[in-house]
Amino acid sequence: MSMIKIDMNSPEFQAELEKTIKFTDKVNAQFGWVYNPQEDVNEGVQMGLARNKMMYKKRFCPCFMVIEEDGKPKSADDRICPCKPAIEREIPENGVCHCGIFCTPEFAEKKRVELGMEEVAHTHSRGLSKEECEMLVNKDELDGDELVALLEARELGMVKFTLVDVREYMEWQMGHIKGADKLVPTSSFFQTWEEANLGKDENIIVYCHVGSRSAHVARILTDNGYTKIGNLTNGIVAYPGEIER
């Protein structure tokens, strides 16, 4: 699949987004779930669902790749919202679905408390030593402060890595991490990754909206012989650094 660009400001997309919001409202009402207290999580998932509906005529979960099988689009893990794994396993066990939009009322209340307790100040500005740079850039999972510190260190020539956004073109337009080097959308992943021409022994950090798509991509790359893949655990929504639009 080639990278398809959808204009998020077009009347067609806005109309589909409105339908999608009504759809997710209905899902919550049907199952007794509530939205995530983090509005940007819900917005990102709703936009992804609307995009997939426009492209594939189905609301494929935006956190999983869409692949072609016998010439027809198919979710890589057979995920159509609300997906069976969320209904049967994820929400009963974890209180929240894989994408983060649908939650139990108990999970949402706990999340609200956690968000209120988060520190406003971050401690990344101290700067890193060369040894700390090497340690961080080789981690499988990084938090937002660690990535901010690594980007600062990269500007000073202390460390080398490539930062890859695996969201969609539309999401990139809305805002991406300042310092991101490449966009490799999951909807056209294999072709676009090949065009990115990244070495299997390079330090590569991937990120998405909430960390689920990028974790999936990290597993695929590792299975294909890439040896130094890091994932931004909670995605761009939890990133405290500068966002470019």
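Quick caveat: nothing in here was measured; it's all calculated off a predicted structure. (Residues numbered from 1 in each chain as written. Predicted model: local features only at pLDDT ≥ 70, side-chain atom pairs only at ≥ 80, totals over all residues. Heavy atoms only, no water.)

**Topic: the nonpolar core**
Core analysis: the biggest nonpolar cluster contains 21 residues, and Leu147, Leu150, Phe161, Leu163 and Ile177 have the highest contact counts within it. For this core, the secondary-structure elements that each account for two or more residues are helix H5 (130–137), helix H6 (144–155) and strand E9 (204–207). In terms of residues, this core owes the most to one element, H6, which gives six residues. (Core = buried A, V, L, I, M, F, W, Y, C linked by side-chain atoms within 4.5 Å. Buried < 20%, exposed > 50% of the residue type's maximum accessible area, 1.4 Å probe, protein only. Helix = DSSP H or I, 4+ residues; strand = E, 2+ residues; numbered from the N terminus.)

**Re helix H2 (residues 39–56)**
The terminal C-alpha atoms of H2 lie 26 Å apart, and with 18 residues this matches the ideal 26 Å at 1.5 Å per residue to within 8%. Lys57 sits one or two residues past H2 and shows a positive phi near 70 degrees. (Expected span 1.5 Å × (residues − 1).)

**Focus: helix H8 (residues 189–196)**
All of the buried residues along H8 are Phe189, Thr192, Trp193 and Ala196. Each buried residue of H8 lies within a common arc of 105 degrees when the element is viewed along its axis, so the set occupies one face. Turned more than 90 degrees away from the buried face of H8 sit Phe190, Glu194 and Glu195, all of them exposed. Buried residues along H8 sit in contact with strand E6 (162–165), strand E8 (182–183), E9 and helix H9 (212–223). Phi turns positive one or two residues past the end of H8, at Asn197, with a value near 55 degrees. (Arc of directions from axis to C-beta. Contact = heavy atoms within 4.5 Å.)

**Thoughts on the sheet that holds strand E5 (residues 141–142)**
The parallel open sheet is built from five strands, whose spatial order is E5-E10-E9-E6-E8. Two strands in the sheet have a free side with no partner beyond their single neighbour: E5 and E8. Both E6 and E8 contribute to a ladder of two bridges, which runs parallel. Note that in E8 the partner of Val164 across the bridge is Lys182. Along the sheet face, H9 touches E9 and strand E10 (229–232) and points at about 175 degrees away from the line of E10. (Pairing = 2+ DSSP bridges. Axes fitted to C-alpha atoms, helices over the stretch in contact; angles between N-to-C directions.)

**Looking at the packing of aromatic side chains**
For the structure on display, the rule yields six aromatic pairs. Between Phe189 and Phe190, the ring centres sit 5.3 Å apart and the planes meet at 80 degrees, which makes this aromatic pair edge-to-face. Considering the side-chain rings of Trp193 and Tyr226, the 5.6 Å spacing of their centres and the 80 degrees angle between planes classify their relative orientation as edge-to-face. Within this pair, whereas Trp193 is found in helix H8, its partner Tyr226 is found in the loop between H9 and E10, the two being separated by 33 residues in sequence. (Phe/Tyr/Trp six-rings, centres within 6.5 Å; stacked < 30°, edge-to-face > 60°.)

**With respect to the pattern of salt bridges**
Oppositely charged side chains are able to pair whenever their charged atoms sit close together. Applying the stated criterion across every chain, the model contains 10 salt bridges. The salt bridge involving Arg89 is made with Glu90; its shortest N-O contact spans 3.9 Å. Looking at Arg89, the relative accessible area reads 39%, which means it is partly exposed. Glu90 gets classed as buried once you look at its relative accessible area, which sits at 6%. With its nearest N and O atoms 2.9 Å apart, the salt bridge here joins Arg213 to Glu171. Placement of Arg213 in helix H9 and of Glu171 in helix H7 (residues 169–174) is noted, with a sequence separation of 42 residues between them. (Salt bridge = Lys/Arg side-chain N within 4 Å of Asp/Glu carboxyl O.)

**Remarks on the domain arrangement of the chain**
What the domain assignment lists for the chain is domain 1 (11–110) and domain 2 (125–244). On a C-alpha basis, the centroid separation for the pair domain 1 and domain 2 is 24 Å. Across the contact, 15 residues belong to domain 1 and 15 residues belong to domain 2. Carbon and sulfur atoms make up 67% of the surface buried where domain 1 meets domain 2, a total of about 1300 Å² over both sides. Among the residues of domain 1 in contact with domain 2, Arg51, Cys63 and Met65 are the three that bury the most area, contributing 41% of the side total. Along the contact surface separating domain 1 from domain 2 lie one salt bridge. (Domains from an automatic or database assignment. Buried area = accessible area lost by both parts, 1.4 Å probe.)

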